[in-house]
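Overview (structure and organization)
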Amino acid sequence: MQVLFLKTGILFLTVDSSDSDLELSMVRHQPEGLEQLQAQTQFTRKELQSLYRGFKNECPSGLVDEETFKSIYSQFFPQGDATTYAHFLFNAFDMDRNGSIRFEDFVLGLSVLLRGSVTEKLRWAFNLYDINKDGYITKEEMLAIMTSIYDMMGRYTLPSVRDDSPCEHVEKFFQKMDRNKDGVVTIEEFIETCQKDENIMASMQLFENVI
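Calculation notes
Residues numbered from 1 in each chain as written. Predicted model: local features only at pLDDT ≥ 70, side-chain atom pairs only at ≥ 80, totals over all residues. Heavy atoms only, no water. Helix = DSSP H or I, 4+ residues; strand = E, 2+ residues; numbered from the N terminus. Buried < 20%, exposed > 50% of the residue type's maximum accessible area, 1.4 Å probe, protein only. Contact = heavy atoms within 4.5 Å. Areas by Shrake-Rupley, 256 points an atom, 1.4 Å probe, with all protein chains shown as cover. Phe/Tyr/Trp six-rings, centres within 6.5 Å; stacked < 30°, edge-to-face > 60°. Expected span 1.5 Å × (residues − 1). Arc of directions from axis to C-beta. UniProt positions renumbered as here; feature names shortened; annotations may be inferred. Polar contact = N/O pair within 3.5 Å; in protein donor to acceptor, adjacent residues only side chain to side chain. Axes fitted to C-alpha atoms, helices over the stretch in contact; angles between N-to-C directions. Parallel < 35°, antiparallel > 145°, perpendicular 65-115°, else oblique. Left-handed = near helix turned anticlockwise from the far one by under 90°.

In terms of regular secondary structure, the protein is built from ten helices and six strands. By the burial criterion, 47% of the 211 residues in the protein qualify as buried. For the protein, the proportion of contacts with a sequence separation of at least 24, taken over those separated by at least 6, is 63%. A total of about 10,800 Å² of accessible surface is found on the protein, and carbon and sulfur atoms cover 49% of it.

Structure (structure tokens):
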């Protein structure tokens, strides 16, 4: 099996092409049928088969808990502290909020990140920043995400970033996104601002490799 680290920062698990069939009998959680997942995602049947093989090899139970997710994700940032960001990322994938990521959760999120439209990707990003899932992003939530990103990789970027850089980014982003100045950012404000502001889109691309 190969574990490929794509620009999205998501663990893309592949195996040899000779692994052509899903083996479900050895796992406790069995994913939905391939036809249903194929209809819900942008992946082919063969890609889904390879993804499942890799997923099962890493997580034989068919479920990924948060500690396992952090352990796997942190391998890609050995010089930084990825724990907090991995926590936020885990919650974004754990769509039913039950403390584990199913294969279905994984491929649905991965499909959006790799092959979704700009709007779909921005909706996924909004969900990541909306930590408490109340439908709004607060300045505190945005700062928490930004700080976790800098903890993971900021000190090792070129040019190097200062300790106050997360706060500066948040102030800049939030002022532009909070269009009606009510102290929170809605998904409509988030998408509209990102799509219309080239500077914000360019700045967000700095973090594409960890989203």
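Past the structure itself, the notes keep going.
Further remarks concern the packing of aromatic side chains. By the definition in use, this model includes twelve aromatic pairs. With 6.5 Å between their ring centres and 50° between their planes, Phe-69 and Phe-93 make a pair best called tilted. Of the two residues, Phe-69 sits in helix H3 (residues 66-74) while Phe-93 sits in helix H4 (residues 83-93), which places them 24 residues apart along the sequence. The same class applies to Phe-69 and to Phe-93, which are both buried. Three or more aromatic residues joined by ring pairs form one cluster here, namely Tyr-52, Phe-55, Phe-69, Tyr-73, Phe-77, Tyr-85, Phe-90, Phe-93, Phe-103, Phe-106 and Trp-124.

A separate point is the environment of Thr-84. Relative to the elements of secondary structure, Thr-84 occurs in helix H4. Taking the relative accessible area as the measure of exposure, Thr-84 reaches 35% and is therefore partly exposed. When the C-alpha atoms of Thr-84 and Asp-151 are compared, they prove to be 8.4 Å apart, with 67 residues separating the residues in sequence.

This part takes up helix H8 (residues 165-177). The end-to-end C-alpha separation of H8 is 18 Å, in line with the 18 Å expected for 13 residues at 1.5 Å each. Within H8, the full set of buried residues consists of Ser-165, Pro-166, His-169, Val-170, Phe-173, Phe-174 and Met-177. Here the buried residues of H8 occupy an arc of 145° about the axis, which is enough to place them on one side.

Glancing now at the UniProt feature "domain: EF-hand" (unreviewed entry) in the protein. Taken from the UniProt record, the annotation "domain: EF-hand" (unreviewed entry) applies to residues 81-116, 117-152 and 165-200. Across residues 81-116 one finds 67% helix and 8% strand; the C-alpha atoms that close the span lie 29 Å apart.

What follows concerns unusual backbone geometry. Backbone geometry at Lys-133 places phi at a positive 55°, although glycine is not the residue there. Residue position: Lys-133 is located in the loop between helix H6 (118-129) and strand S5 (137-138). At Lys-181, a residue that is not glycine, the phi angle is positive and equals roughly 55°. Of note, Lys-181 is situated in the loop between H8 and strand S6 (184-185).

Following the sequence through the fold, Ile-101 ends up in strand S4 (residues 100-102). You can call Ile-101 buried: its relative accessible area is 2%. Each C-alpha atom, one on Ile-101 and one on Leu-63, is 5.6 Å from the other, the two residues being 38 residues apart in sequence. When neighbours within four sequence positions are excluded, Ile-101 is seen to be in contact with Phe-55, Gly-62, Leu-63, Val-64, Phe-69, Phe-90, Phe-93, Asp-94 and Phe-106.

On to helix H7 (residues 139-153). Taking 1.5 Å of rise per residue, the 15 residues of H7 would be expected to cover 21 Å, and the 21 Å separating its terminal C-alpha atoms lies within 8% of that figure. Burial in H7 covers these residues: Glu-141, Met-142, Ile-145, Met-146, Ser-148, Ile-149, Tyr-150, Met-152 and Met-153. Buried positions along H7 lie against H3, H4, H6, S5 and H8.

Examined against the element boundaries, Ser-61 turns out to sit in the loop between helix H2 (45-58) and strand S3 (63-65). Judged by relative accessible area, which is 18%, Ser-61 ranks as buried. In this structure the side chain of Ser-61 is engaged in a polar contact, spanning 3.1 Å, whose partner is the backbone oxygen of Leu-63.

With that settled, the discussion passes to the packing of helix H5 (residues 103-115) against H6. Remark: H5 packs on H6, axes separated minimally by 8 Å, with the N-to-C direction vectors making an angle of 130°. Judged by the inter-axis angle, H5 sits oblique to H6. In this structure, H5 crosses over H6, and the sense of that crossing is left-handed. Facing H5, whose interface residues are Gly-109, Val-112, Leu-113 and Leu-114, H6 presents Glu-120, Lys-121 and Trp-124.

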